[in-house]
Amino acid sequence: MRIRTLSGAGYRVACLAAALSLAACNEPSDPAPETSVTPDTDHDYVVDIRWTDHGIPHVEAEDRGSLGYGFAYATATDAICTIARDVLMVNGQLSLHFGPDAANRASDIFHRAMLDADMLAYFRDAQSERSTEFSSGYVAGYNRYLRDHADSLPAACDDADWVQPLTVDDVDRLTIGVGIRYGLGNFIREMANAAPPGEAVASLQSDFEPPRGYGSNAVAMGSDVTATGNGLLLGNPHYPWRGSSRFHMIHTRIPGELDVMGVSLYTTDRIAIGFNHDIAWTHTVSTGLRSTFYALELDPEDPLRYRYGDDYREMETRRVTVDVLQEDGSVQGAEHLVYMTHYGPVVSSDQLPWTQERAFAVRDANLYNTHASAMYEAMWMAQSIDDVEAALHMQGNAWTNTVAADRHGTAYYADISVVPNVDQELLSRCDAAPEGLPPRVVILDGSNPACEWRDDPRSAIRGVMPAEDMPRLRRSDYVSNSNDSYWLSNPDAPLEGYSPIIGPERGVQSLRSRAGHEFVAELLAEQGGVSSRMLQDALFAHRNFGAELLLDDLLALCDGAGSVQVDDTEVDVSASCEVLTAWDRRAANNSRGAHVWREFWRQAMTLENLYAVPFDADEPVQTPRQLNTDDPEVREALLVSLASGQQRLEEHGIALDAELGEIQYEEKQGERIAIPGGEGWAGMWSMIVSQLQPDAGYTPIVHGNSYMQVVGWDENGRVDPRGLLSYSQSDNPESPHYADQTWLYSQGQWLDLPFHEEDIAARTIRTLELRQ
């Protein structure tokens with residue numbers, strides 16, 4: 001057994017003022033090995049930032065370093081506290097600053113063990129000179145913001161000792177951490193919980209479901225169906241309204257070389273969704289798996305050795321020290337062991353126990369993915385869908401579909417993301433999953449070398465499926481994705497024959513996916529072609545496709561329904577029936593009944609034998625349909641679902657006939673802002689997920705419509721971008737851009753995005769020249 005020590009004392013003490021003035025700051029003893037790349041202090045950073053209305057920064061520089069400098073400064077203006085806290089997270093310092101919480105402990109162990117000096121060196125060595133220059137500039141720009149605002153940080157982190165100067169290591173850790181979010185990142189608790197048999201471990205239930213709080217809609221249209229004959233794109237990611245996964249609008253320009261606008265996440269340093277003069281793109285979270293488990297057959301004499309072929313291999317034991325803030329203000333170090341195999345870390349939970357005979361390890365396809373910055377650099381400068389596809393072939397796209405359009409009139413879908421290179425034959429031959437786990441959980445035989453992910457010289461990442469083998473589709477009508485698999489990107493051209501590791505084929509589509517296809521089909525039936533305004537209106541109509549499809553079947557049961565027995569209570573559903581009869585089948589602010597349908601469908605959607613017309617893979621958009629009201633058991637269960645939903649609303653003090661805007665809202669700066677939209681599972685395409693609170697309503701908003709962009713080109717090929725950021729630019733309640741776009745979203749308005757120089761000049765509200 002090899003033991004490797006990773007000291008928890010390798011953190012930088014938060015003596016902000018001293019660090020920013022280049023004074024010395026004592027560190028605890030026994031520091032961890034550092035690979036930090038110091039920004040080039042000889043570099044002259046020269047950048048101009050202009051903010052237009054609603055707080056959109058336009059960053060212009062002559063070189064990559066200066067562009068990164070301005071990018072960081074502009075982003076920190078709106079998100080400094082959130083960025084600083086995520087830097088703590090990826091450095092494994094949450095327990096040091098926020099105390100002995102179980103989630104902090106697991107996160108610290110995970111990040112200290114996985115994002116160590118060797119990993120950072122590997123990642124940094126693979127970056128291009130331009131990427132390194134940008135990152136160094138980003139670090140310098142962030143630290144310049146701290147210098148300029150050391151005495152005026154937002155209340156959320158004012159005087160906080162955890163707001164620390166940034167290093168390139170921090171930026172790299174943030175980048176790697178985003179990449180492994182849907183692989184190893186799903187099993188942080190399980191890795192921290194792993195211990196050999198005989199040692200105490202916590203009872204832990206693994207959640208194998210796809211991560212919640214992330215989703216998207218996307219539609220790209222081509223020359224045959226648009227009003228101008230150019231491409232047209234709707235990007236509609238459904239991301240969290242709080243935290244580091246919020247989007248931030250930004251425009252970056254190097255004259256004569258680069259001109260791209262869109263959004264980054266608060267804690268990433270690249271535009272990830274956006275447009276330039278020639279192409280527009282967006283992403284949706286893909287169904288592809290980013291990791292697999294390996295079942296390890298252990299040495300009967302030593303549970304830290306596992307069989308591999310005819311031999312046994314030793315696990316590597318990484319010793320991690322996590323420093324924990326105590327109630328009295330002192331700091332105590334807690335030592336933890338993390339067990340590594342050549343596949344990846346060992347994990348343990350109630351479903352995946354580490355016994356004398358067997359253990360489980362996780363291999364992550366993105367852990368050694370170093371290509372994101374190069375891929376997005378190529379996307380920013382793409383001039384056609386050919387260029388977009390060439391960029392995706394760099395394999396820097398960790399876990400999303402890409403939907404894009406160009407001014408030449410091509411609509412494009414691709415799931416060219418990073419997945420293990422395994423096919424159905426390997427999955428069947430190497431299956432080692434215990435009984436009772438969900439079908440989507442892949443556990444391979446770790447004792448058989450023939451069960452390794454396959455290496456292919458065409459792939460940029462070892463063991464990852466080559467881009468050439470991933471699904472993609474070009475159309476002159478349209479492509480769409482709403483987080484179902486690649487299969488039905490266009491119902492007239494299903495994509496089939498790919499590895500199930502990417503996603504299912506010929507399967508039931510979500511109501512949200514079906515809504516997107518139905519609403520697009522209606523647009524295509526209009527005379528004169530589809531315009532940008534038509535796509536905007538289709539999203540902001542807030543129609544409930546589920547209700548359009550099924551509500552009449554439910555209302556037919558309402559005649560004479562009267563009281564329904566729910567457990568020991570009689571519930572008169574006539575009030576719900578009356579509201580639903582009058583409902584406009586939308587989730588607009590003035591809609592009455594959207595919440596009644598939502599609570600009914602929350603109960604009803606999992607009923608057995610629910611549909612009279614079952615799913616048909618040859619009619620995937622039209623089926624399943626029609627509530628099976630001829631079945632007495634289903635009929636009774638539907639009425640019980642209606643009564644249970646009514647009961648839940650009444651118990652929470654919510655009037656059945658309330659307008660949605662009165663009960664679904666976001667509180668900002670002391671005011672309630674009505675928020676339209678609803679859950680995708682309830683049949684909405686315009687998605688908003690909220691929490692039902694007693695006597696308060698559906699608040700706060702958790703996730704859903706976030707950054708929305710509709711990008712087309714006029715008859716002369718000039719890009720015409722519109723967009724909106726539903727929760728606004730800043731998470732600082734004192735900022736003028738904390739709620740301004742949220743009010744626009746509430747009112748159904750969009751921004752004409754100021755991308756062209758004359759628009760920026762006309763709408764500039766603030767300028768800043770930065771020199772260092």
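The following paragraphs examine the structure supplied in this document. Predicted, not measured: the structure shown is a model, and the values here were computed from it. (Residues numbered from 1 in each chain as written. Predicted model: local features only at pLDDT ≥ 70, side-chain atom pairs only at ≥ 80, totals over all residues. Heavy atoms only, no water.)

**Some details on unusual backbone geometry**
- A cis geometry characterises the amide bond from Thr 623 onward to Pro 624, with omega recorded as 0 degrees.
- Cis peptide bonds are those with omega within 30 degrees of zero, and the linkage from Thr 699 to Pro 700 qualifies with 0 degrees.
- Along the chain, the position of Pro 700 falls in strand S29 (residues 697–705).
- With a phi angle near 60 degrees, Arg 585 is a residue other than glycine that sits in the positive phi range.
- Within the secondary structure, Arg 585 is located in the loop between helix H15 (574–582) and helix H16 (594–604).
- Given a relative accessible area of 19%, Arg 585 falls into the buried group.
- A positive phi angle, near 80 degrees, is found at Ser 728, a position not held by glycine.
- Note that Ser 728 resides in the loop between strand S31 (719–725) and helix H19 (740–746).
- Owing to a relative accessible area of 0%, Ser 728 belongs among the buried residues under this scheme. (Helix = DSSP H or I, 4+ residues; strand = E, 2+ residues; numbered from the N terminus. Buried < 20%, exposed > 50% of the residue type's maximum accessible area, 1.4 Å probe, protein only.)

**Section: the state of the cysteines**
- Tallied over the entire structure, the rule returns three disulfides.
- Across the disulfide from Cys 430 sits Cys 451; the S-S distance is 2.0 Å. Judged by the sign of its S-S torsion, about -90 degrees, the bond between Cys 430 and Cys 451 is left-handed. Of this pair, Cys 430 sits in the loop between helix H11 (424–429) and strand S19 (443–445) while Cys 451 is found in the loop between S19 and strand S20 (472–475), placing the two residues 21 residues apart along the sequence.
- Given the relative accessible area of 1%, Cys 430 is considered buried.
- Between the sulfur atoms of Cys 558 and its disulfide partner Cys 577 the distance amounts to 2.0 Å. For the disulfide bridge between Cys 558 and Cys 577, the dihedral angle about the S-S bond is near -80 degrees, and by the sign convention the bridge is left-handed. Within this pair, whereas Cys 558 is found in helix H14 (residues 545–558), its partner Cys 577 is found in helix H15, the two being separated by 19 residues in sequence. (Disulfide = S-S within 2.5 Å.)

**Some words on helix H17 (residues 632–651)**
- The end-to-end C-alpha distance of H17 is 28 Å, a good match for the 28 Å that 20 residues give at a rise of 1.5 Å each.
- For H17, the N-terminal cap is Asp 631; the gap from its side-chain oxygen to the backbone nitrogen of Glu 633 is 2.9 Å.
- Once H17 finishes, Gly 653 follows within two positions and takes phi at roughly 75 degrees, a positive value. (Expected span 1.5 Å × (residues − 1). Polar contact = N/O pair within 3.5 Å; in protein donor to acceptor, adjacent residues only side chain to side chain.)

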